[in-house]
Amino acid sequence: MALTDRKAFKVYLAEEYYDNFKFNEEKNIYQGEFGYLDLESVMKAIEGLLPHIKVEVVNE
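All of the points below concern the structure found in this document. Remember, it's a predicted structure, so these values are computed and weren't measured experimentally. Per-chain numbering applies: the sequence of each chain, read as written, is numbered from 1 onward. Side-chain atom pairs in this predicted model are given and counted only at pLDDT of 80 or more, local residue features only at pLDDT of at least 70, and totals for whole chains, interfaces and linings cover all residues. Calculated side-chain values reflect all of the structure's heavy atoms, with hydrogen atoms and water omitted.

## As for the nonpolar core
Cut-off, in case you're wondering: Working definition of a nonpolar core: buried Ala, Val, Leu, Ile, Met, Phe, Trp, Tyr and Cys residues. They are joined through side-chain atoms within 4.5 Å. Partly exposed describes any residue whose relative accessible area lies between the buried limit of under 20% and the exposed limit of over 50%, with all areas from a 1.4 Å probe on protein chains only and scaled to the type maximum. Here a helix means four or more residues in a row that DSSP labels H or I, a strand means two or more in a row labelled E, and each is numbered from the N terminus.
Counting eleven residues, the largest nonpolar core consists of L3, F9, V11, F21, F23, Y30, L37, V42, A45, L50 and I53. Those elements that place two or more of their residues in this core are β1 (9-13), β2 (16-24) and α1 (39-46).

## Section: the packing of aromatic side chains
For clarity, the threshold we go by: Aromatic rings from Phe, Tyr and Trp, taking only the six-membered ring of Trp, are treated as a pair when their centres fall within 6.5 Å; an angle between ring planes under 30 degrees marks them as stacked, one over 60 as edge-to-face, and anything in between as tilted.
Following the criterion strictly, the structure yields five aromatic pairs and no others. Both rings, one in Y18 and one in F21, keep their centres 6.5 Å apart while their planes meet at 55°; by these two values the pair is tilted. Judged by relative accessible area, which is 31%, Y18 ranks as partly exposed. Residue F21 is classed as buried on the basis of its relative accessible area, which comes to 2%. Considering the side-chain rings of Y18 and F34, the 6.2 Å spacing of their centres and the 55° angle between planes classify their relative orientation as tilted. Residue Y18 is located in strand β2, and its partner F34 is located in the loop between β3 (29-31) and β4 (36-38); the two are separated by 16 residues in the primary sequence.

## Regarding the environment of K22
Mapped onto the elements, K22 comes out in strand β2. Judged by relative accessible area, K22 falls into the exposed class, the value being 55%. Through-space distance from the C-alpha of K22 to that of V58 is 9.5 Å; in sequence the pair is 36 residues apart.

## As for the sheet that holds strand β5 (residues 53-57)
To be explicit about the condition: Paired strands, as defined in this entry, are two strands with at least two bridges between them according to DSSP. Structural elements are reduced to axes, namely lines fitted to C-alpha atoms, with helices fitted over the stretch in contact, and the angle between N-to-C directions of any two is expressed from 0 to 180 degrees.
Taken in spatial order, the five strands of this open sheet run β4-β3-β2-β1-β5, and their pairing is antiparallel. Edge positions in the open sheet fall to β4 and β5, since each of these has one partner strand only. Going from strand to strand, the sheet's axes swing by 30° on average, the running direction of each strand aside. In the sheet, β3 pairs with β4 via three bridges, with the strands oriented antiparallel. If you follow Y30 over to β4, its bridge partner there is L37.

Here it is as structure tokens:
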């Protein structure tokens, strides 16, 4: 549901907070101050296929 609503995510690398990523419609990616994730990578992180990346929905 969070992906279809394009909600922002908190991104953690190796269990430590990294950045907040918001959806960039123009580029079709989730982008933060320090980087970005394409939709495929976000899905893989949610499914646990990228164990070094964790995403958490930002409560707005």
